[in-house]
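Observations on the three-dimensional arrangement
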Amino acid sequence: QVQLVESGGGLVQAGGSLRLSCAASGTISSINMMGWHRQAPGKQRELVAVIFSDGSSNYADSVKGRFTISRDNAKNTVDLQMNSLKPEDTAVYYCNGFIKLHSGPAFRPYWGQGTQVTVSS
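Residues numbered from 1 in each chain as written. Predicted model: local features only at pLDDT ≥ 70, side-chain atom pairs only at ≥ 80, totals over all residues. Heavy atoms only, no water.

1. Concerning the environment of T68
Position of T68 among the secondary structure elements: in strand β7 (residues 67–72). Residues T68 and I28, 40 residues apart in the sequence, show an inter-C-alpha distance of 25 Å. With residues up to four places along the chain from it excluded, the contact list for T68 reads Y59, D79, L80 and Q81. (Helix = DSSP H or I, 4+ residues; strand = E, 2+ residues; numbered from the N terminus. Contact = heavy atoms within 4.5 Å.)

2. Examining the pairing of strand β3 (residues 18–26)
On a regular strand, one side chain projects to one face of the sheet and the next to the other, so that they alternate. Pairing of strand β1 (residues 2–7) with β3 involves six bridges; the strand directions are antiparallel. Among the inter-strand pairings, Q3 is bridged to a residue of β3, identified as S25. Note: β3 against strand β8 (residues 77–82), six bridges, orientation antiparallel. Counterpart to R19 in the pairing with β8 is Q81. (Pairing = 2+ DSSP bridges.)

3. Structural notes on the state of the cysteines
Counted according to the given criterion, the structure contains one disulfide. Each sulfur of the disulfide joining C22 and C95 lies 2.0 Å from the other. Looking along the S-S bond of the C22-C95 disulfide, the torsion reads about -75°, which is the left-handed sense. Here C22, found in strand β3, pairs with C95, found in strand β9 (residues 91–101); they are 73 residues apart in sequence, far enough to count as distant. The same class applies to C22 as to C95, namely buried. (Disulfide = S-S within 2.5 Å. Buried < 20%, exposed > 50% of the residue type's maximum accessible area, 1.4 Å probe, protein only.)

Structure, rendered in structure tokens:
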């Protein structure tokens, strides 16, 4: 019904930049919130950034000023520009969205498979 596919992860040195992209496809009627979460080894998944359909956004304190989230409502995509990366940003990054299908009345959460980001010191 719905697929979220991430791309853009990889290995980068501390201080470097990466851009993650996520595309949602399927029988989508509308998308409310889209966001990025991450999970480091041995840690719980945590929110990185979210963006709403009106363009408003929120960030985790740990990434404010370094990461920027953006979305294209027409293409059902969300990007995460990550600058000044630190080793502690190393994690699997997951895209998610609250999506309403043509076949249903409610917004429900959907997740991508994740993309690895590794920042070397």
